[in-house]
Amino acid sequence: AGVGMRVLRSRSFRDQFTSHRNWGQSLAMNGPFDEPRYCFQLARVYGEAAFFRQACQQLERVLTLVPDDLPARISLGGFLNRCRLPDQALQVAAGIQADPNRRLLGARAEAQFALVQAEAWLAKTNRLKAEELIDSLLASRSGDTNLLNEAVALFVERAQAELERATTHAEL
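Quick caveat, the model's predicted, so the values are computed rather than measured. (Residues numbered from 1 in each chain as written. Predicted model: local features only at pLDDT ≥ 70, side-chain atom pairs only at ≥ 80, totals over all residues. Heavy atoms only, no water.)

**Considering the overall build of the chain**
In terms of regular secondary structure, the chain is built from 9 helices and 0 strands. If you list the helices and strands of the chain from N to C, you get α-α-α-α-α-α-α-α-α. Here the chain, with 172 residues, has 38% of them falling under the buried criterion. Across the chain, contacts joining residues at least 24 apart in sequence account for 49% of those joining residues at least 6 apart. Here the chain has roughly 10,500 Å² of accessible surface; of this, 52% comes from carbon and sulfur atoms. (Helix = DSSP H or I, 4+ residues; strand = E, 2+ residues; numbered from the N terminus. Buried < 20%, exposed > 50% of the residue type's maximum accessible area, 1.4 Å probe, protein only. Contact = heavy atoms within 4.5 Å. Areas by Shrake-Rupley, 256 points an atom, 1.4 Å probe, with all protein chains shown as cover.)

What follows is the structure, given as structure tokens:
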């Protein structure tokens, strides 16, 4: 009692669950279970398969088990954006912003957090707020070409979605 729990993350499924070859086999044999690492990894698998709502469900389960897990909260915000739920993504972001443990985030997680917020603001058609976040982030990490590429991709993706929506609306 009183001991905080952490969600350990691993790139390899085999690092944590070696008795099965893949997530599908593990689910078929065991069904889902409440273990934060498993839920987090399953969220990643669902996200890679574009099952964003299922990924959100798994991350919400992680946060039920480990409420102060910042990487799980950032991931949840990103998947909520993918589900076209920017208001909920911004609620998650507000919780992260208010978290005193936020200072423990590394530079990469801090960048992901800013990108989640920017994506939500773009979805809510507040381009100015999104640009402010991205400009601030890029200024603090000048020279980070990967981050610049991610920011550009975010704006391009949103512009394409808006163009598709406008084209569909015009056709109706």
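Read on for the rest.
**Details of the pattern of salt bridges**
When their charged atoms lie close together, side chains carrying opposite charge are able to pair. The full count for this structure, using the stated rule, is 9 salt bridges. Of the charged contacts in the structure, one is a salt bridge between glutamate 35 and arginine 37, with a shortest N-O distance of 2.8 Å. Classification of glutamate 35 by relative accessible area gives buried; the value is 17%. You can call arginine 37 partly exposed: its relative accessible area is 32%. The residue aspartate 87 makes a salt bridge to lysine 124 at a minimum N-O spacing of 2.6 Å. Placement of aspartate 87 in helix H6 (residues 86–98) and of lysine 124 in the loop between helix H7 (107–123) and helix H8 (127–140) is noted, with a sequence separation of 37 residues between them. (Salt bridge = Lys/Arg side-chain N within 4 Å of Asp/Glu carboxyl O.)

**Points about unusual backbone geometry**
For alanine 50, which is not glycine, the phi torsion reads 65° and is therefore positive. The topology assignment puts alanine 50 in the loop between helix H3 (36–48) and helix H4 (52–65). Although it is not a glycine, threonine 125 adopts a positive phi angle of roughly 60°. Its place among the elements puts threonine 125 in the loop between H7 and H8.

**As for the side chain of glutamine 117**
On the secondary structure map, glutamine 117 appears in helix H7. Given a relative accessible area of 12%, glutamine 117 falls into the buried group. Setting aside chain neighbours within four positions, we find glutamine 117 in contact with Leu90, Ala93, Gln97 and Leu133.

**Thoughts on H8**
Taking 1.5 Å per residue, 14 residues should reach 20 Å; H8 reaches 20 Å between its end C-alpha atoms and fits that length. Those residues of H8 not exposed but buried are Ala130, Leu133, Ile134 and Leu137. An end-on view of H8 places all buried positions within 90° of arc, on one side of the element. Facing away from the buried surface of H8 by more than 90 degrees, the exposed residues are Leu128, Asp135 and Ala139. (Expected span 1.5 Å × (residues − 1). Arc of directions from axis to C-beta.)

**Some thoughts on the confidence of the model for the chain**
Caution applies to low-pLDDT regions: their predicted coordinates should not be interpreted in detail. Residues with a pLDDT of 70 or more make up 80% of the chain, whose mean pLDDT is 82. Confidence, read as mean pLDDT per element, is least for helix H1 (residues 13–16) in the chain (50) and greatest for H4 (96). (pLDDT = per-residue confidence, 0-100.)

**A few points about the environment of aspartate 99**
The residue aspartate 99 is located in the loop between H6 and H7 in this model. Put simply, aspartate 99 and leucine 70 are 29 residues apart on the chain and 8.8 Å apart in space, counted from C-alpha to C-alpha. Not counting residues within four places of it along the chain, the set of residues in contact with aspartate 99 comprises Leu70 and Arg73. Reaching out from aspartate 99, the side chain makes a polar contact with the side chain of arginine 73 at a distance of 2.6 Å. (Polar contact = N/O pair within 3.5 Å; in protein donor to acceptor, adjacent residues only side chain to side chain.)

**Some details on the nonpolar core**
Grouped together as the largest cluster of nonpolar side chains are 24 residues, with contacts concentrated most on Cys56, Leu59, Ala72, Ile74, Leu76, Leu80 and Ile96. Those elements giving two or more residues to this core turn out to be H3, H4, helix H5 (70–82), H6 and H7. With 6 residues, the top contributor of residues to this core is H5. Setting aside anything within four residues of it in sequence, one finds cysteine 56 in contact with Leu76, Phe79, Leu80 and Cys83. Of all hydrophobic cores here, the second largest spans 13 residues; its members include Ala114, Leu133, Leu147 and Ala151. (Core = buried A, V, L, I, M, F, W, Y, C linked by side-chain atoms within 4.5 Å.)

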